[in-house]
Amino acid sequence: MKVIIVGGVAGGATAAARIRRLDEHAEITVYERSGYISYANCGLPYYIGDVITDPEELTLQTPESFFKRFRINMKIHHEVISIHPERKTVSVKNLENGEIFEENYDKLLLATGSRPIDLPLPGIDDSRIHTLWTIPDMDAVKKLVGEGVKKAVVVGGGFIGLETAENLHACGIEVTIVQHSTHVMPIFDREMAYFIHSELAMSGIDVLLNSEVTGFTSTGEAVTVNLKDGAGLSADLVIISAGVKPNSELAGDAGLLLGARGHIQVNKFLQTSDENIYAAGDAIEFTDPITGTP
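Residues numbered from 1 in each chain as written. Predicted model: local features only at pLDDT ≥ 70, side-chain atom pairs only at ≥ 80, totals over all residues. Heavy atoms only, no water.

**Student:** So what exactly am I meant to see when it comes to the pairing of strand E10 (residues 151–155) here?
**Tutor:** For a regular strand, the rule is simple: side chains alternate between the two faces of the sheet. Here E10 lies mainly inside the structure; 4 of its 5 residues are buried. The sheet contact formed by E10 and strand E11 (residues 174–178) spans 5 bridges and is parallel. Residue pairing for E11: Ala152 is matched across the bridge by Val175. Note that the unit made of E10, helix H5 (residues 159–170) and E11 has a crossover that is right-handed. Relative to strand E16 (residues 237–240), E10 is paired through 4 bridges, and the arrangement is parallel. Within the sheet, the bridge partner assigned to Val153 lies in E16 and is Val238. (Buried < 20%, exposed > 50% of the residue type's maximum accessible area, 1.4 Å probe, protein only. Helix = DSSP H or I, 4+ residues; strand = E, 2+ residues; numbered from the N terminus. Pairing = 2+ DSSP bridges. Right-handed = clockwise from strand over helix to strand, strands pointing away.)

The structure is reproduced here in structure tokens:
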């Protein structure tokens, strides 16, 4: 059996290893467009805060170690640009030399993940405004922190926003979280989030609730975060952590069914609307275990 996996971070790398354990003869190839595989995305803020001091602790495997251990071909800097379900092939672009080639599969797994939501706000292109989603993102933020950031604004109070705020504060930086809703961690009930609010207050991290960012203004050595109520926050560093959206365009272009919010629809076996194509991770729609709804 020939298996192609698109995406080599958490979902893709885990699936590749699991398939190998189930079938020692399968031909498994993983295509990853970045230069990193199987890295601990949730650890990125903790490297910035020096809780994790060795960046190699974040990269659990390399293409070489993955092949040595599992005999799985990890092709980094290779992007799958289209899927052809009718002939069971994918078109792949080598991002290092521009070559495009076609590869056939018996089974295909899409582990394309997600990306930060784009905020189409004035001034968002300022060099001091970043997201924290990949290792290059982490390196850029770590560099700025090392250059002497004094004030930081984190836009969004979800998992990554809170972890980033915590670690920036641990670096001695004055941190303000801007949250558009009534409480941080919106996936929690408000009563539960109050415990987090209390912890943030005791730590000296400011939180502005029911606040909306309308844009950014460069003021020379700093950037001003403009709020809807007319207030402005001066910062040396801004982290945008306002949520994510699925990387499902590849699936949609191939005719696979997507949900209302653009996620790939799968059944309980993670099969898509094409029986030979599976999907896993941030890109898929799943059933809420409490409400039973997508």
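The structure having been displayed, the exposition proceeds.
**Student:** I'm lost on the nonpolar core in this one. Help?
**Tutor:** Where a protein is soluble and globular, its nonpolar side chains tend to be buried together. Membership of the largest hydrophobic core comes to 27 residues, with the highest contact counts inside it found for Met138, Leu168 and Leu237. Those elements that place two or more of their residues in this core are helix H2 (44–48), helix H4 (135–146), E10, H5, E11 and E16. Broken down by element, this core gets its largest block of residues, 5 residues, from H4. Apart from the residues within four sequence positions on either side, Leu168 is in contact with Ile48, Val145, Ala152, Val154, Ile173, Val175, Leu237 and Ile239. Of all hydrophobic cores here, the second largest spans 19 residues; its members include Ile4, Val92, Ala251 and Ile284. (Core = buried A, V, L, I, M, F, W, Y, C linked by side-chain atoms within 4.5 Å. Contact = heavy atoms within 4.5 Å.)

**Student:** Teacher, can you tell me more about the pairing of E16 here?
**Tutor:** Taking every second residue as pointing to the same face, both faces of E16 are buried, with Leu237 and Ile239 on one and Val238 and Ile240 on the other. Note: strand E9 (residues 129–130) against E16, 2 bridges, orientation parallel. Its bridge partner being in E16, His130 is matched across the sheet by Ile239.

**Student:** I tried to follow a nonpolar patch on the surface on my own but got confused; where do I start?
**Tutor:** Taken together, Phe159, Ile187, Phe188, Met192 and Phe195 make up a surface patch of nonpolar side chains, about 580 Å² in accessible area. Within the fold, Ile187 resides in the loop between E11 and helix H6 (190–203). (Patch = residues over 30% accessible without salt bridge, like charges linked within 9 Å, V, L, I, M, F, W, Y side chains within 5 Å. Areas by Shrake-Rupley, 256 points an atom, 1.4 Å probe, with all protein chains shown as cover. Salt bridge = Lys/Arg side-chain N within 4 Å of Asp/Glu carboxyl O.)

**Student:** What should I look at first to understand the sheet that holds strand E2 (residues 27–32) in this one?
**Tutor:** By definition, the strands of a sheet pair up through backbone hydrogen bonds, in either a parallel or an antiparallel sense. Sheet architecture is open: 5 strands sit in the order E3-E2-E1-E7-E19, paired in parallel fashion. Looking at strand neighbours, the two that pair on one side only are strand E3 (73–76) and strand E19 (277–279), the edges of this open sheet. Each strand axis lies, on average, 20 degrees off the axis of its neighbour in the sheet, ignoring direction. Examined bridge by bridge, strand E7 (residues 107–110) and E19 share 3 bridges and lie parallel to one another. Paired with Leu110 across the two strands is Ala279, which belongs to E19. The strands touched by helix H1 (residues 10–22) are strand E1 (2–6), E2, E3 and E7; relative to E1, the strand with the most contacts, the crossing angle is about 165 degrees. (Axes fitted to C-alpha atoms, helices over the stretch in contact; angles between N-to-C directions.)

**Student:** In this structure, what is going on with the packing of H1 against helix H3 (residues 63–70)? I would like to understand it.
**Tutor:** Any two packed helices are characterised by how steeply their axes cross, that is the angle between the axes, and by the distance between the axes. At a minimum axis distance of 11 Å, the contact between H1 and H3 shows a crossing angle of 20 degrees. On the basis of their axis angle, the class for H1 and H3 is roughly parallel. The handedness of the crossing between H1 and H3 comes out as right-handed. In this structure, H1 uses Ala13, Ala16, Ala17, Arg20 and Arg21 to contact H3, whose residues at the interface are Phe66, Arg69 and Phe70. Looking at the contact of H1 with H3 residue by residue, the classes come out as 5 nonpolar, no polar and 3 charged. (Parallel < 35°, antiparallel > 145°, perpendicular 65-115°, else oblique. Left-handed = near helix turned anticlockwise from the far one by under 90°. Nonpolar A, V, L, I, M, F, W, Y, C, P; charged D, E, K, R; others polar.)

**Student:** Any chance you could explain unusual backbone geometry here in plain terms?
**Tutor:** Most peptide bonds adopt trans geometry, and most residues besides glycine take a negative phi value. Positive phi is not limited to glycine here, since His77 has a value of about 55 degrees. Among the secondary structure elements, His77 is positioned in the loop between E3 and strand E4 (78–84). Positive phi, close to 50 degrees, is recorded for Met185, a residue that is not glycine. Turning to its location among the elements, Met185 is positioned in the loop between E11 and H6.

**Student:** Hey, could you run me through H1 in this one?
**Tutor:** Because an α-helix packs 3.6 residues into every turn, residues spaced three or four apart end up facing the same way. With 13 residues, H1 extends 18 Å between its outermost C-alpha atoms, agreeing within 8% with the 18 Å of an ideal straight helix rising 1.5 Å per residue. Those residues of H1 lying buried are Gly12, Ala13, Ala15, Ala16, Ala17 and Arg20. (Expected span 1.5 Å × (residues − 1).)

**Student:** Could you clarify how one ought to interpret the packing of aromatic side chains in this entry?
**Tutor:** What describes a pair of aromatic rings is the distance from one ring centre to the other and the angle between the planes of the rings. Summed over the entire model, instances satisfying the criterion amount to 3 aromatic pairs. For the ring pair Phe66 and Phe70, a centre distance of 5.0 Å and an interplane angle of 50 degrees mean the geometry is tilted. Here Phe66 and its partner Phe70 are both found in helix H3, 4 residues apart, which amounts to about one turn of the helix. In terms of burial, Phe66 and Phe70 fall into one category: buried. (Phe/Tyr/Trp six-rings, centres within 6.5 Å; stacked < 30°, edge-to-face > 60°.)

Function-wise, these values are silent; they only describe arrangement.
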